[in-house]
Amino acid sequence: MAEQAQYEELARQLSAIGAVKRGMGRILPPDCPGGSAAVLTLLGRYGEMRMSRLAELLSVDMSVTSRHVAHVADRGWIERSPDPADKRSRILRLTAAGQEQLDELSRRTSRLLADRLSDWSDHEVGLLIALMDRLRESFGDCRATPRPPHPHPYAAAQPEPTTRTPA
């Protein structure tokens, strides 16, 4: 188990991630703020869904979700249609224009990361991905699809030192 000082440093580093997120937010098109980008990303990843499910995945109140959905719907990036199982609910799905916008967001994000991490090795990028995935799993991220525990491909490359003795 890590020592207290390591957890304190980790907390400082995680707080600093806000600067990274703000930097990524600055590359978004003016008509696609972060909340709109999140809606498009989740619909692109999970497919059509009810507004209640989207609110759950966004981890925000239904009123906030409604504002984000209205914004992307007004731009023609999603369509809202009645849910056949419950006429009071709406099913949200990406339109072709929404998929184009999502593709553009992906290109912008990939270019930014490639630029900022250009001096990182493929192994280092892979290790960061694996460790961030593991961190999210440790916190029970509601956006992750349930899956059985699995070894992370880059975690095996760096064996963890241990002080435990075999039982």
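For the structure, check the block above.
Description of the structure in this document. None of these values were measured; they are calculated from a predicted model. Within each chain, residues carry numbers counting from 1 in the order of the written sequence. For a predicted model such as this one, the threshold for reporting local features is a pLDDT of at least 70, and the threshold for listing and counting side-chain atom pairs is 80 or more; totals across whole chains, interfaces and linings nevertheless cover every residue. Remark: hydrogens and water are excluded; side-chain values derive from all non-hydrogen atoms of the structure.

### A few points about the side chain of aspartate 83
Move 1: Structurally, aspartate 83 is set in strand β2 (residues 78-83).
Move 2: In this structure aspartate 83 comes out as buried when scored by relative accessible area, which is 6%.
Move 3: What qualifies as a polar contact is a pair of N or O atoms within 3.5 Å, subject to a donor-acceptor requirement within protein and to the restriction that residues adjacent in sequence count only when both atoms come from side chains. From its side chain, aspartate 83 meets the backbone nitrogen of alanine 85 in a polar contact 2.9 Å long. Runs of E in the DSSP output that reach at least two residues are strands. Runs of H or I that reach at least four are helices, and both are numbered from the N terminus. Only protein chains enter the accessibility calculation, which uses a 1.4 Å probe. A residue is then buried if its area is under 20% of the maximum for its type, exposed if over 50%, and partly exposed in between.

### Comments concerning the side chain of histidine 71
Move 1: Tracing the backbone through its elements, the reader meets histidine 71 in helix α4 (residues 62-74).
Move 2: At a separation of 2.9 Å, a polar atom in the side chain of histidine 71 contacts the main-chain carbonyl oxygen of aspartate 31.

### Description of unusual backbone geometry
Move 1: Of note, the phi angle at serine 59 is positive, near 60 degrees, even though the residue is not glycine.
Move 2: Residue position: serine 59 is located in the loop between α3 (51-58) and α4.
Move 3: For serine 59, a relative accessible area of 55% gives the class exposed.

### A look at the sheet that holds strand β3 (residues 86-94)
Move 1: Any two strands between which DSSP finds at least two bridges are classified as paired. With respect to topology, three strands assemble into an open sheet ordered β1-β3-β2, the strand pairing being antiparallel. Looking along the sheet, the strands with just one partner apiece sit at the ends: β1 (49-50) and β2.

### Quick look at the packing of helix α2 (residues 34-46) against helix α5 (residues 96-116)
When two helices pack together, their arrangement is given by the angle between the helix axes and the distance between those axes.
Move 1: At a minimum axis separation of 10 Å, α2 and α5 run at an interaxial angle of 105 degrees. Relative to α5, the element α2 is oriented roughly perpendicular. On α5, the residues that touch Ala37, Leu40, Thr41 and Gly44 of α2 are Gly98, Gln101, Leu102 and Leu105.
Move 2: For this classification, the nonpolar set comprises Ala, Val, Leu, Ile, Met, Phe, Trp, Tyr, Cys and Pro, the charged set comprises Asp, Glu, Lys and Arg, and every other residue, Gly included, is treated as polar. Its residues assigned to classes, the contact of α2 with α5 comprises four nonpolar, four polar and no charged. What counts as an axis is a line fitted to C-alpha atoms, over the stretch in contact for a helix, and the angles between N-to-C directions run from 0 to 180 degrees. Oblique is the label for any angle not under 35 degrees, not over 145, and not in the 65 to 115 range, which are roughly parallel, roughly antiparallel and roughly perpendicular in turn. The contact criterion used throughout is that any non-hydrogen atoms of two residues lie within 4.5 Å.

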